[in-house]
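# An overview of the molecular structure
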Amino acid sequence: MEKVIDESQQGSTLSLEKNENNGRKLYIESYGCQMNFSDSEIVASILAKEGFNTTQNLNDADLVLVNTCSIREKAEQTVRKRLEKFNAVKRTKPNMKVGVLGCMAERLKSKFLEEEKIVDMVVGPDAYKDLPNLIQEIDEGRNAVNVILSKDETYGDVAPVRLNSNGVSAFVSITRGCDNMCTFCVVPFTRGRERSRDPQSILEEVNDLWERGFKEITLLGQNVDSYLWYGGGLKKNFDQASEMQKATSVNFAGLLELVAQAQPKMRIRFSTSNPQDMTLDVIEAMAKHRNICKYIHLPVQSGSNRILKAMNRLHTREEYFELIDDIRKIIPDCAISQDMITGFPTETEEDHQDTLSLMEYVKYDFGFMFAYSERPGTLAERKMEDDVPETTKKRRLQEIIEVQQKHSHYRTQQHLGKTEEVLIEGASKKSEAHWMGRNSQNTVVVFPKEHYNVGDFVNVKINECTSATLIGEAVGYSENN
Ligand code: SAM
C-alpha cells in the first residue's frame, strides 16, 4: 500500500531519437524522485555527444546505466536486484559495461567496485560531466569512479534531452542539493549542499521548451522555496556575498515572476516546497499569475510537534496551520498535497493521533506516505533507536492512507459541476477513446477525445469523480490556446 512518487515510472528505460552517426548503445534505467529522472536527461544529453544511441533492449547494450535512489532501504534493494540481472547478462556479454549513477553511487562510493565487484563505473550526481573521461577509463579496462560533490555544479549549461517525453510537459531543474538536514533524510549526504541555478539559463531553457511545443514545466529542486541566486555558489555562503550581489539576488518568488512573465501561456508548476522556507511572496506570485498552477506539494512528515522537532523540521504544527490558512485565504482553490512518515523513532500513539488530526484540518488533495526506513549516516540512525515495531509502522501507515483516500475523494467532489481548464497529456490508460490531462490543481481529468489533440488546453465540465480522477466532457478550447 506504500505510495511511491511516480510509481509507474520507477525503473523505466529511456529512449531517445536515433542519431545515425552514433554507433554505441546505451541502456539507462531510472529510479527515485523527479530529480533523478531529470538528471537522466542530462546524462543522455552528455552521452549522445559521445556516440551513444539509447536502446530499450538490455541484451543489445554496450553500456548499462542505472540512476539510483537511496531514500528508503526498499529503493536500494530494488536497484540491487537489477544489478544482479545486469551481471547475469554481462556473463554472456563480457564487453558490456555497467555503471551506477546517482544517490546510491554517492552513498556507497567505491564499495560497489572494491567489495562487491558488480559494476565497472560509479558516478555521483555532481560528476556527470566527467562521464566521457570515465567511459574512456572503462573502455581501457579500468574501473572508474567519480563521486566528488560540487559547490557550484548545476548543469545549467547542459541542454537536457527530453526522454520518453509526451512533448507537453517537462522538468526544469533549478536547485541542486539540500541544506535542511532533516534527521531521517539521506539527501544532504548523497546530493551535497544546496546551490541555485542561474535564472538566465533557466529562462533560456523554458523559452526553448516553449519554442519546441511544450506547454507545461515543473521547476524542480529538493526545496524550491529556498532558491537563491546571487551570482553562483552555495546558499550557505550567501552572507559572504558582496552588497551588489545581495541587492541583485533572485529568490524563488522572483524566479516564479520571471518565468511566468517570460511565457504567459506556459503552465508553471514547482516541486518540492518545504514549509519552513515557503513565504507569502511565493503564494502571492501564484495568485497573481494565472499560468502558475494552483497546487503546492507541502510535505509535513508528522503532525506532532515533538516528532517534528526530533526530525529537525524547523516549524511547529501551529506554524504549518498558519501557512495553510494563508494559502487558503490568498488562493482559495489551491490544491495541497503532503509527504508523511509513520513510525519515526519514539513515535507514540498520541503522536500518530496528532498526524491524523493534522490531516483532518488540512484535508489534503493528494498524499505520498511512507513507513520510516532508517538510513545509514543520517542523524536519526546515529542518535536514535529505530524503536517502532514494523507492524506498528505499517498499521499507522495504513490508517493515514485510508484517511488520505477519504480526503482525496472529498476534494475531487468539490470539482463536480465546475468547468475547468485541462491540458491534454495523452490517451487515458483505461480507454483509447478518452484523453487524460490535468487541471491547474494537478488532478487527473479524463474525457472523450472528440476533435481535440495532445497539448491542447481544453475547458472540461466535470460530471463524475473517483478519489483520484475527475471524469467530464469538453465544452471547447480554453482561452489559453
Ligand atoms: N526534499 C524532497 C521532499 O521534501 O519531497 C525530497 C525528499 S524525498 C525524495 C521525498 C519524501 O521521502 C520525503 O518528503 C519523505 O516523506 C520521504 N522520506 C525521506 N526519507 C525517508 C526515510 N528515511 N524513511 C521514509 N521516508 C522517507
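As the structure is a prediction and not an experimental result, all values here were calculated from the model.

Reading the values: the criteria
Residues numbered from 1 in each chain as written. Predicted model: local features only at pLDDT ≥ 70, side-chain atom pairs only at ≥ 80, totals over all residues. Heavy atoms only, no water. Near = heavy atom within 4 Å. Polar contact = N/O pair within 3.5 Å; in protein donor to acceptor, adjacent residues only side chain to side chain. Areas by Shrake-Rupley, 256 points an atom, 1.4 Å probe, with all protein chains shown as cover. Helix = DSSP H or I, 4+ residues; strand = E, 2+ residues; numbered from the N terminus. Nonpolar A, V, L, I, M, F, W, Y, C, P; charged D, E, K, R; others polar. Salt bridge = Lys/Arg side-chain N within 4 Å of Asp/Glu carboxyl O. Core = buried A, V, L, I, M, F, W, Y, C linked by side-chain atoms within 4.5 Å. Buried < 20%, exposed > 50% of the residue type's maximum accessible area, 1.4 Å probe, protein only. Contact = heavy atoms within 4.5 Å. Pairing = 2+ DSSP bridges. Axes fitted to C-alpha atoms, helices over the stretch in contact; angles between N-to-C directions.

### Looking at the site of the ligand
Residues in contact with the ligand amount to 14 residues; listed here are only the nearest, Phe 184, Gln 222, Gln 301, Asp 339 and Ser 373. One nitrogen or oxygen atom from the main chain of Phe 184 is found 3.0 Å from a nitrogen atom belonging to the ligand. Between the ligand and Ser 373 there is a distance of 2.8 Å, counted from a nitrogen atom to a backbone nitrogen or oxygen. If the ligand stood free it would expose 550 Å²; the protein chains cover 92% of that surface. Contributions of two or more residues to the shell around the ligand are made by strand E16 (335-342) and strand E17 (366-371). In the shell around the ligand, the residues fall into 7 nonpolar, 4 polar and 3 charged.

### Quick notes on the pattern of salt bridges
Scanning the model with the defined rule gives 38 salt bridges in all. Notably, a salt bridge pairs Glu 257 with Lys 288, separated by 3.2 Å at the nearest N-O pair. Residue Glu 257 is located in helix H9 (residues 252-262), and its partner Lys 288 is located in helix H10 (residues 280-288); the two are separated by 31 residues in the primary sequence.

### Some details on the nonpolar core
By size, the foremost hydrophobic cluster in this structure holds 52 residues, and its most contacted members are Leu 219, Phe 252 and Phe 270. Examining the composition of this core, we find that 6 residues originate from one element, H9, more than from any other. Once you skip the residues sitting within four places of it in the chain, Phe 270 turns out to touch Thr 218, Leu 219, Val 224, Phe 252, Leu 256, Met 278, Val 282, Met 286, Ile 292, Tyr 295 and Ile 296. Counting residues in each nonpolar core, the second largest holds 23 residues, with Val 98, Met 104, Phe 112 and Leu 113 among its members.

### Structural notes on the sheet that holds E17
Reading across the sheet, the 3 strands line up as E15-E16-E17 and stay open at both edges, with parallel pairing between neighbours. Strands with a single pairing partner mark the edges of an open sheet, and in this sheet they are strand E15 (295-297) and E17. Taking each pair of neighbouring strands and ignoring which way they run, the sheet shows an average axis angle of 10 degrees. Bridge count for E16 against E17 is 6 bridges, and the pairing is parallel. From the neighbouring strand, Ile 341 faces E17, where its bridge partner is Phe 370.

None of the figures reported here should be taken as evidence of function without further support.
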